[in-house]
Amino acid sequence: MIVKYPPIQGGVSRDCYWLARLFAEMGHEVTVVTNAFEVEDQYRLALEPEDDSYLQGKFEEGSIRLVKTSIDPRHMYIPQNNPTVSKLVGLSLEAIAHSRPDLIYSHYLEPYGFTAMIVSAISGIPYVIRHAGSDVGRLMLTEQLKPAYIEVFRRAKVVLGSARMYGTFLSFGIQPDQIMNISVNYLHPNFFTPSNEEVRYSDVLTLGIYGKAGRGKGSFALLRAIRYLKNQGENVRLKARWGGREMSEVHKSIADLNIQDKVDLLPFVPQWRIPDFIHSCDASLFLEHSFSITQHSPSVPRELLTCGAAIIITSEIAQKTIYRKILTDGYNCLVLGDPKDTPAVAEKILMLKDIHLRTTLSCNAGKTLSTSEMRERAVRSVNILLEAALE
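Bear in mind that the values here come from a model prediction, so they are computed numbers and not experimental data.

Undergrad: I'd like to hear about the packing of aromatic side chains, residue by residue, with values.
TA: Under the defined criterion, the tally for this structure stands at 11 aromatic pairs. Ring centres 4.9 Å apart and planes at 65° place the aromatic pair Tyr-17 and Trp-18 in the edge-to-face group. Looking at Tyr-17, the relative accessible area reads 0%, which means it is buried. Taken together through their ring pairs, the aromatic side chains of Tyr-5, Tyr-17, Trp-18, Tyr-54, Phe-191, Phe-192 and Trp-272 make up a single cluster. In this arrangement the basic side chain of Lys-4 is found over the ring face of Tyr-108, its NZ or CZ atom lying 4.4 Å from the centre.

Undergrad: Can you tell me about the pattern of salt bridges, naming the residues and giving the values?
TA: Overall, the coordinates contain 19 salt bridges when judged by the stated rule. In this structure, Arg-44 engages Asp-41 in a salt bridge whose closest nitrogen and oxygen atoms are separated by 3.8 Å. Given a relative accessible area of 26%, Arg-44 falls into the partly exposed group. A relative accessible area of 66% places Asp-41 in the exposed class. Put simply, Glu-288 and Lys-217 hold a salt bridge, and the shortest N to O gap is 2.7 Å. Taken as a pair, Glu-288 in the loop between strand 11 (283-286) and helix 11 (300-306) and Lys-217 in the loop between strand 8 (205-212) and helix 8 (219-231) lie far apart in primary sequence, 71 residues in all. Here the two residues Glu-288 and Lys-217 agree in accessibility, since each one is buried.

Undergrad: An account of the sheet that holds strand 10 (residues 263-266) is requested, with residue identities and associated values reported.
TA: Strand order across the open sheet formed by six strands is 10-9-8-11-12-13, with parallel pairing between neighbours. The open sheet has two edge strands with one neighbour each: strand 10 and strand 13 (334-336). For this sheet, the mean inter-axis angle between neighbouring strands, taken without regard to orientation, is 20°. Where strand 8 lies against strand 11, two bridges are found, and the strand directions are parallel. Counterpart to Gly-208 in the pairing with strand 11 is Ser-284. Sheet strands in contact with helix 8 are strand 8, strand 9 (236-243), strand 10 and strand 11, and its direction is about 160° off that of strand 9.

Undergrad: Account for the packing of helix 8 against helix 13 (residues 342-351), naming residues and giving values.
TA: The contact between helix 8 and helix 13 brings their axes to 8 Å, and the two run at 70°. The orientation of helix 8 with respect to helix 13, classified from their angle, is roughly perpendicular. Crossing of helix 8 against helix 13: the hand is right-handed. From helix 8, Ala-221, Leu-222, Arg-224, Ala-225, Tyr-228 and Leu-229 reach across to helix 13, where they touch Thr-342, Pro-343, Val-345, Ala-346, Ile-349 and Leu-350. Taken together, the residues of the contact of helix 8 with helix 13 sort by class into 10 nonpolar, one polar and one charged.

Undergrad: So what about helix 8? Which residues, and what values?
TA: In this model helix 8 runs 19 Å from its N-terminal to its C-terminal C-alpha over 13 residues, within 8% of the 18 Å that 1.5 Å per residue would give. For helix 8, every residue scored as buried is listed here: Ser-219, Phe-220, Ala-221, Leu-222, Leu-223, Ala-225, Ile-226 and Leu-229. Turning to helix 8, the residues buried within the fold contact strand 8, strand 9, helix 9 (247-257), strand 10, strand 11 and helix 13. At the exit of helix 8 stands Gly-233, carrying a positive phi of roughly 80°.

Undergrad: Could you give an account of helix 9, naming the residues involved and the relevant values?
TA: Every buried residue of helix 9 is listed here: Met-247, Val-250, Ser-253, Ile-254 and Leu-257. Down the axis of helix 9, the smallest arc covering the buried residues is 110°, so these residues share one side. Exposed and facing more than 90 degrees away from the buried side of helix 9 are Ser-248, Lys-252 and Asp-256. Against helix 8, strand 9 and strand 10 lie the buried residues of helix 9. Directly beyond the C-terminal end of helix 9, a positive phi value near 55° is found at Asn-258.

Reading the values: rules and limits
- Residues numbered from 1 in each chain as written.
- Predicted model: local features only at pLDDT ≥ 70, side-chain atom pairs only at ≥ 80, totals over all residues.
- Heavy atoms only, no water.
- Phe/Tyr/Trp six-rings, centres within 6.5 Å; stacked < 30°, edge-to-face > 60°.
- Buried < 20%, exposed > 50% of the residue type's maximum accessible area, 1.4 Å probe, protein only.
- Lys NZ or Arg CZ within 6 Å of the ring centre and 35° of its normal.
- Salt bridge = Lys/Arg side-chain N within 4 Å of Asp/Glu carboxyl O.
- Helix = DSSP H or I, 4+ residues; strand = E, 2+ residues; numbered from the N terminus.
- Pairing = 2+ DSSP bridges.
- Axes fitted to C-alpha atoms, helices over the stretch in contact; angles between N-to-C directions.
- Contact = heavy atoms within 4.5 Å.
- Parallel < 35°, antiparallel > 145°, perpendicular 65-115°, else oblique.
- Left-handed = near helix turned anticlockwise from the far one by under 90°.
- Nonpolar A, V, L, I, M, F, W, Y, C, P; charged D, E, K, R; others polar.
- Expected span 1.5 Å × (residues − 1).
- Arc of directions from axis to C-beta.

What follows is the structure in structure tokens.
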């Protein structure tokens, strides 16, 4: 696998991590080649030394071996640049010499898909490329990158693509039998389960939110709502596992609003610790809206549902195709129309002080999705993928 991987934060890294676990648990020997440990602090998960056992090692019948690039001043050249693709190619070729795989799996075009294409051309090992939202929705729209990325898709044995990209792929000259629209995503049933503890009344309503902070994530509107509730004398506390390029503005906003006593701000939470964080809160929020990449399909709502969280979510997300049939306002979530409307956000939060409503939402959320069934579907999809890629 040539992929994003923890400690990179984000959906692609998360999907690649759980897929590597699934490959290993199905009995496969997996080598992950990644530049993840070069990630900037603003996009880095907060890992502890004991987290290494989650990243690599023996998992049931198979295993994961982690091969990672490092920053070395000797790698730099003029114009100043980091030769990421060359490092990933070099480490991939060394990994192949150590133990030749049957297949290369890559996810996200830059630099992973492009690296996979080069390594495949050198080694003769077929590769799979899976795209995300921002690589085809932003990077591939630029004149300098598009021709290279088209070749990544053309030369792949299998292209894992969304249905909306099918016509685009055909226009690139990709054959229909190269394209597969199957999902290998899942949430691990050993981690993502509802809490066994009953919903209990507390003097303080603790709200949880995690992921990148920003205007499109509803972060600043939420902070204003916390100030609004503080003015009303409401005892509400926010636990935010946030990061990203707008964190300096987040810190400034918290100070300007004088809500330091109401906000616990911590770094990004690793994938395998997300359920514990969700369970530590009375309710959770996902306030993404006006996102620039239309192909973006966030997995956070699924994580919240499978953990049985009482959820506040934006109507934009609730109306996405993948969630339209499973999110119901007042049944397993509260849907927020305008996340920029401070009083409206505050009103939804206050509704969750009702322990009966919170219990109802939590119970129904936990019954909405089955992680065991999700894993079984993912196993079937992986087997279909491997059969197609290795024929």
